[in-house]
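Coordinate inspection notes
Below are the chains, spelled out letter by letter.
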Amino acid sequence: MASTTTYRRLLVLHNAFIVTMDPESRVFRRGAIAVEGDTIVAVGPSDEVLDKFSSAQLVDLQSQFLLPGFVNTHVHTSQQLGRGIADDVDLLTWLHRRIWPYESNMTPHDSYISTLLCGIELIHSGVTCFAEAGGQHVSGMARAVEELGLRACLAESIMDSGEGLPVAWANRTAQQCIQSQKELYKKHNNSAEGRIRIWFGIRQIMNSTDLLLKETRDAAKELKTGIQMHVAEIASENQHVASTRAVDHGTVAYLEKIKFLEDNLLAAHSVWVNEGEVHSLAKAGVKVSHCPAAAMHMLGFAPVREMLDAGVCVSLGTDGAPSNNRMSIVDEMYLASLINKGRDAFSKGACDPTALPAETILKMATINGAKSVLWDNEIGSLEIGKKADMIVVNPSLWSMVPLHDCISSLVYCMRSENIVSVMCDGRWIMKDNKILTVDEKEVISMAKQASAELIKRAGIQMPSRMNIL
Ligand SMILES: [Zn+2]
């Protein structure tokens, strides 16, 4: 861990191509950023910043890119040890035979190791802040986030009803769910030097009573925190809501009816929403996390362009390892653009190559991400007074050469390998591709062991593929 003196030092990163993502979308071809402790104190042309902070420690970035750290707004950190357990299976097998047995057999230690492993992948892909989608053992997650040096909004997986739940989760009441989350809030909110915030979770509407929804809405309002919930993921979810809860369309229409749609709600996926529901989301200020890989895996095409046009704040998420396998927000940026360009090919007979251009995608991964996690007063762009959460991108590797359009290259060419250094809260957590906060090799070794034991304990059976001898 860095010493206090190192942490509080005045540092100037200069000679960088800075993409600030500030309200004016300023880009400095040869720029510098001064950081004091955990805060940005100057952003501008290199010469000006260097003149003003001549006694600072200098880091010459040699024309590399400097960007705000990415925000992953939907990731299941406790699912990382389950990567590969549910590929190429139908939705019911995915949930009932793989994910629920896996999650219900996790220990707090498994969750800690899983979050460490996930965090390593997040850091390599330039993420400095993430929103947990709702997982097992928040205390294990919090311990890992503190050690990794990341920023996070953590939430517990919350269900108080539903068919076929594992024994360990059945019979949990709405009151118990709320009480447990309030205790987690008391224990962990604002911990890790203010890098951890505790949110409320709702797994999905089919596993929630109305009482749970209303109590969650009220408790989150009382504590001034957010709610993360999977919303309108699959078509049958809407059919289920329409048939059991007496509403015309589906989840969003119902949530509006019970006054659950508020600006502190982060709705994951929101694939099956109609035009009226898109406007309801926009009107209420609900944020949407678009997870393109997971959507293609088993959900469908979300109307992302329509949501953005209507004024909905849409950000990007990876979802969990068993629904995506790659926890790289860099891959999600690339996929989000391609999927939304190609979406109209069947319905309108042609793709729209102008849909979701590179600057929109960068916005979704940075400032929209920060707005989605209710933290945009401190992160999401490189501006004076904000936290020093930023990443250094080396464009001189095979993947980004030659460089004709810097902004499009960051979306269409960049790979995780181009991200060489990551700073969170003014502290380098990865430098020159090496993670500085945890021992990557040791985490990988612990993860292999914990995962093997967990899969065995959960009794998860996977058929062998092809003719593996
Ligand atoms: Zn999810």
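The shown structure was predicted, so the numbers you read here are calculated from the model rather than taken from an experiment. (Residues numbered from 1 in each chain as written. Predicted model: local features only at pLDDT ≥ 70, side-chain atom pairs only at ≥ 80, totals over all residues. Heavy atoms only, no water.)

From N to C terminus, the protein chain includes 20 helices and 18 strands. For the protein chain, whose C-alpha radius of gyration is 22 Å, the value lies close to the compact-globule estimate of 23 Å for 469 residues. Referenced to the eigenvectors of the C-alpha coordinate spread, the extents of the protein chain come out at roughly 65 × 55 × 50 Å. Across the protein chain, the fraction of contacts at a sequence separation of at least 24, relative to all contacts at a separation of at least 6, is 71%. Summing over all exposed atoms, the protein chain offers an accessible surface of approximately 19300 Å²; the carbon and sulfur share of this is 52%. (Helix = DSSP H or I, 4+ residues; strand = E, 2+ residues; numbered from the N terminus. Rg over C-alpha atoms; globule rule 2.2 N^0.38 Å. Contact = heavy atoms within 4.5 Å. Areas by Shrake-Rupley, 256 points an atom, 1.4 Å probe, with all protein chains shown as cover.)

This part covers the sheet that holds strand S8 (residues 151-154). If you trace the four strands from one edge of the open sheet to the other, you get S6-S7-S8-S9, paired in parallel fashion. One side of each edge strand has no neighbouring strand; the edge strands of this open sheet are strand S6 (70-75) and strand S9 (196-198). Neighbouring strand axes in the sheet, compared pairwise and without regard to direction, differ in orientation by 15° on average. Both strand S7 (residues 127-132) and S8 contribute to a ladder of three bridges, which runs parallel. Looking at the pairing, Phe-130 lines up with Ala-152 of S8. On the sheet, helix H5 (residues 138-148) packs against S7, S8 and S9 and is oriented at approximately 175° with respect to S8. (Pairing = 2+ DSSP bridges. Axes fitted to C-alpha atoms, helices over the stretch in contact; angles between N-to-C directions.)

Bringing the coordination of the zinc ion into the picture now. Surrounding the zinc ion are the protein donor atoms His-74 (NE2), His-76 (NE2), His-230 (NE2) and Asp-319 (OD), at 2.1 to 2.4 Å. Considering all four donor atoms around the zinc ion, angles at the metal cover 85 to 172° and the coordination shape is irregular. Of note, the donors binding the zinc ion are all from one chain and are spaced H-x1-H-x153-H-x88-D. For His-74, a relative accessible area of 0% gives the class buried. (Donors = N, O, S within 2.8 Å, 3.2 Å for Na, K, Ca; no water. Tetrahedral: all angles 85-135°; square planar, octahedral: opposite > 155°, others 65-115°. Buried < 20%, exposed > 50% of the residue type's maximum accessible area, 1.4 Å probe, protein only.)

All chains considered together, the criterion is met by 23 salt bridges. The salt bridge involving Lys-348 is made with Asp-344; its shortest N-O contact spans 3.7 Å. Residues joined in a network through salt bridges with shared partners are Arg-305, Asp-344, Lys-348 and Asp-352. (Salt bridge = Lys/Arg side-chain N within 4 Å of Asp/Glu carboxyl O.)

Look at the UniProt record and you will see "domain: Amidohydrolase-related" (unreviewed entry) annotated at residues 65-429. Secondary structure within residues 65-429 divides into 44% helix and 16% strand; the distance between the first and last C-alpha atoms comes to 17 Å. (UniProt positions renumbered as here; feature names shortened; annotations may be inferred.)

Tracing the chain through its elements places Asp-405 in the loop between strand S15 (390-393) and helix H19 (406-412). Classification of Asp-405 by relative accessible area gives partly exposed; the value is 43%. Separated by 3.2 Å, the side chain of Asp-405 and the backbone nitrogen of Ile-407 make a polar contact. (Polar contact = N/O pair within 3.5 Å; in protein donor to acceptor, adjacent residues only side chain to side chain.)

Looking now at the confidence of the model for the protein chain. Averaged over every residue, the pLDDT of the protein chain is 95; the share at 70 or more is 98%. In the model, residues 1-7 has pLDDT below 50 throughout and makes six contacts with residues more than four positions away in sequence or in other chains. (pLDDT = per-residue confidence, 0-100.)

Strand order in the open sheet formed by five strands is S10-S11-S12-S13-S14, with parallel pairing between adjacent strands. The open sheet has two edge strands with one neighbour each: strand S10 (200-204) and strand S14 (313-316). Adjacent strand axes in the sheet meet at a mean angle of 25° when their direction is disregarded. In this sheet, strand S13 (residues 287-290) lies alongside strand S12 (residues 265-269) in parallel orientation, the contact comprising three bridges. Note on S13: the bridge partner recorded for Ala-267 is Val-288. Seen against the sheet, helix H15 (residues 329-342) touches S13 and S14 and runs at an angle of roughly 125° to S14.

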